[in-house]
Amino acid sequence: AEDLLMSYKGILYPSILCSVETFQALETFKARGDDLLVVTYPKNGTNWTIQILHEMVSVFHNSDPLLDATMIEFGDPEILAGFEDRPSPRIISTHLNFKNIPKSFFQKKVKILLVLRNPKDTAVSFYHFYNSLPALPSYTSWDLFFNDFIDGKVSYGQYFEYVVDWEKNFNDETMMAILFEEMKEDFPSSLKKISEFFQLSLSEEQINLVASRTSFNSMKEKSDNTHGKLGDSFFRKGEIGDWKNYFTEEQSKVVDAMFQKYLAGTKLGNMLNYDKYCK
Ligand code: A3P
């Protein structure tokens, strides 16, 4: 199972999807000023957000742009050339750590939406994902997965290091962060924030249309078309707080201590609303 993951610059990636050649080719990726970039740690709402932006762009431009839910770092380097043929605005998404984002996204001041989710639900969602995706190793128990999650021995590395890296480099001019839990609890106002950030001004009616097309149920129903056989893996529960069904008291304390160490009192740490969602 070990060979299902590869290491690049100290971080693990799924070897079926990622390669050194593509990482190197990404260094010269040509971003465009009007790209919309979604950045997420895995399981933090990537597919949800891509679909939201897709619907927003479709409604705003009255068009039907390509829906591409694969990460920019997946596939052969040749796939990257295909991005140059895509019409603007392009919706691009990645799980890459801040350091590995192609520099041209910053040079072109591309708007970047960072989607965050509380670490405990992230871990549980990731555990199920690992066990349902052939491309990722399987775990015989939650406890074993938890240990690797904490040690950063999972695809895309350690959750807290990922978030801290964005925290340290957060630029309010070009970046916005949104919380999975906030989207769940106040969807219309989250959608409004996202649309304003990307200057896709939408009427209330249009926001409601986007909301109905991107609800968990509607996305799950469409998942045969959007994700083929993998649909059930990507649309599992879509809830807040499933961690309570998995975490032991001790595991919960380990994550609480890491939150304290890495994120307490920081801008993104505050945004996580940790006490509300992780206690
Ligand atoms: P769960 O495993 O907790 O159900 P990603 O797209 O980054 O892989 O994230 C997957 C997680 O987002 C899964 O969490 C999935 O169910 C949830 N999700 C996907 N679409 C959603 C939606 N429209 N509303 C709420 N949650 C959604």
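Scroll up to find the structure this text is about.
As the structure is a computational prediction, the values presented were derived from the model and not from experiment. (Residues numbered from 1 in each chain as written. Predicted model: local features only at pLDDT ≥ 70, side-chain atom pairs only at ≥ 80, totals over all residues. Heavy atoms only, no water.)

Some thoughts on the overall build of the protein chain
Link 1 in the chain: A tally of regular secondary structure across the protein chain gives 15 helices and 6 strands.
Link 2 in the chain: Expected size for 279 residues packed as a compact globule is a radius of gyration near 19 Å; at 18 Å, the protein chain falls within 12% of this value.
Link 3 in the chain: Of all 279 residues assigned to the protein chain, the portion counted as buried reaches 56%.
Link 4 in the chain: Counting contacts in the protein chain only where the partners sit at least 6 residues apart, residues at least 24 apart contribute 72% of the total.
Link 5 in the chain: Only carbon and sulfur atoms are counted for the fraction: they give 50% of the accessible area of the protein chain, which is about 13,000 Å².
Link 6 in the chain: Across the protein chain, 30 positive and 39 negative side-chain charges occur, with their mean positions spaced 3 Å apart. (Helix = DSSP H or I, 4+ residues; strand = E, 2+ residues; numbered from the N terminus. Rg over C-alpha atoms; globule rule 2.2 N^0.38 Å. Buried < 20%, exposed > 50% of the residue type's maximum accessible area, 1.4 Å probe, protein only. Contact = heavy atoms within 4.5 Å. Areas by Shrake-Rupley, 256 points an atom, 1.4 Å probe, with all protein chains shown as cover. Lys, Arg positive; Asp, Glu negative; His and termini not counted. Charge placed at Lys NZ, Arg CZ, Asp CG, Glu CD.)

Brief notes about the nonpolar core
Link 1 in the chain: One finds Tyr-13, Phe-105, Leu-114, Phe-145, Phe-149 and Trp-166 to be the most contacted residues of the largest nonpolar core, which totals 65 residues.
Link 2 in the chain: Apart from the residues within four sequence positions on either side, Trp-166 is in contact with Val-39, Leu-96, Asn-97, Phe-98, Ile-101, Ile-112, Leu-114, Met-175 and Leu-268.
Link 3 in the chain: Within the second largest apolar cluster, 27 residues are counted, among which are Trp-48, Met-56, Met-183 and Leu-200. (Core = buried A, V, L, I, M, F, W, Y, C linked by side-chain atoms within 4.5 Å.)

Some details on the sheet that holds strand 4 (residues 91-94)
Link 1 in the chain: The strand order 4-3-5-6 describes an open sheet built from 4 strands, whose pairing is parallel. Each having just a single partner strand, strand 4 and strand 6 (175-179) make up the two edges of the open sheet. Pairwise comparison of adjacent strand axes, ignoring direction, gives a mean angle of 20° for this sheet.
Link 2 in the chain: Sheet contacts for helix 7 (residues 159-168): strand 3 (36-40), strand 5 (111-116) and strand 6; angle to strand 5, the most-contacted strand, approximately 145°.
Link 3 in the chain: Where helix 9 (residues 187-197) meets the sheet, its contacts fall on strand 5 and strand 6, and the angle it forms with strand 6 comes to roughly 165°. (Pairing = 2+ DSSP bridges. Axes fitted to C-alpha atoms, helices over the stretch in contact; angles between N-to-C directions.)

Considering the packing of helix 2 (residues 46-61) against helix 10 (residues 204-213)
Link 1 in the chain: As a packed pair, helix 2 and helix 10 sit with axes 9 Å apart at the nearest point and diverge in direction by 140°. Remark: the crossing between helix 2 and helix 10 carries right-handed chirality. Residues Gln-51, Ile-52, Glu-55, Met-56 and Val-59 of helix 2 pack against Gln-206, Leu-209, Val-210 and Arg-213 of helix 10.
Link 2 in the chain: Here the contact of helix 2 with helix 10 is composed, by residue class, of 5 nonpolar, 2 polar and 2 charged. (Left-handed = near helix turned anticlockwise from the far one by under 90°. Nonpolar A, V, L, I, M, F, W, Y, C, P; charged D, E, K, R; others polar.)

Some thoughts on the pattern of salt bridges
Link 1 in the chain: Scanning the model with the defined rule gives 14 salt bridges in all.
Link 2 in the chain: Across the salt bridge formed by Lys-279 and Asp-275, the nearest N and O atoms sit 3.8 Å from each other.
Link 3 in the chain: Through salt bridges that share partners, Arg-236, Lys-237 and Asp-242 make up one connected network. (Salt bridge = Lys/Arg side-chain N within 4 Å of Asp/Glu carboxyl O.)

Remarks on the environment of Asn-44
Link 1 in the chain: When you line up the elements, Asn-44 lands in the loop between strand 3 and helix 2.
Link 2 in the chain: Given a relative accessible area of 0%, Asn-44 falls into the buried group.
Link 3 in the chain: Remark: the alpha-carbon pair of Asn-44 and Leu-114, spanning 70 residues in sequence, is separated by 9.6 Å.
Link 4 in the chain: In this view, Asn-44 contacts Val-115, Leu-116, Arg-117, Thr-122, Tyr-159 and Phe-180; residues no more than four positions away in its chain are not counted.

Observations concerning the packing of helix 5 (residues 119-132) against helix 6 (residues 142-151)
Link 1 in the chain: Remark: helix 5 packs on helix 6, axes separated minimally by 10 Å, with the N-to-C direction vectors making an angle of 120°. Here helix 5 is positioned oblique relative to helix 6, judged by the angle of their axes. In the crossing of helix 5 with helix 6, the sense of the turn from one axis to the other is right-handed. Contact with helix 5, carried on its side by Pro-119, Thr-122, Ala-123, Val-124, Phe-126, Tyr-127 and Tyr-130, involves Trp-142, Phe-145 and Phe-149 of helix 6 and no other residues of that element.
Link 2 in the chain: The class makeup of the residues in the contact of helix 5 with helix 6 is 9 nonpolar, 1 polar and no charged. (Parallel < 35°, antiparallel > 145°, perpendicular 65-115°, else oblique.)

Considering the packing of aromatic side chains
Link 1 in the chain: All chains considered together, the criterion is met by 36 aromatic pairs.
Link 2 in the chain: Plain terms: the ring middles of Phe-29 and Phe-105 are 5.5 Å apart, the flat faces sit at 15° to each other, and that makes the pair stacked. One end of the pair, Phe-29, is in the loop between helix 1 (20-26) and strand 3; the other, Phe-105, is in helix 4 (residues 104-107), with 76 residues separating them in the sequence.
Link 3 in the chain: Look at Phe-29 and you get buried, because its relative accessible area is 6%.
Link 4 in the chain: Given the relative accessible area of 1%, Phe-105 is considered buried.
Link 5 in the chain: When the ring centre of Phe-197 is taken as origin, the NZ or CZ atom of Lys-111, which lies over that ring, is 5.2 Å away. (Phe/Tyr/Trp six-rings, centres within 6.5 Å; stacked < 30°, edge-to-face > 60°. Lys NZ or Arg CZ within 6 Å of the ring centre and 35° of its normal.)

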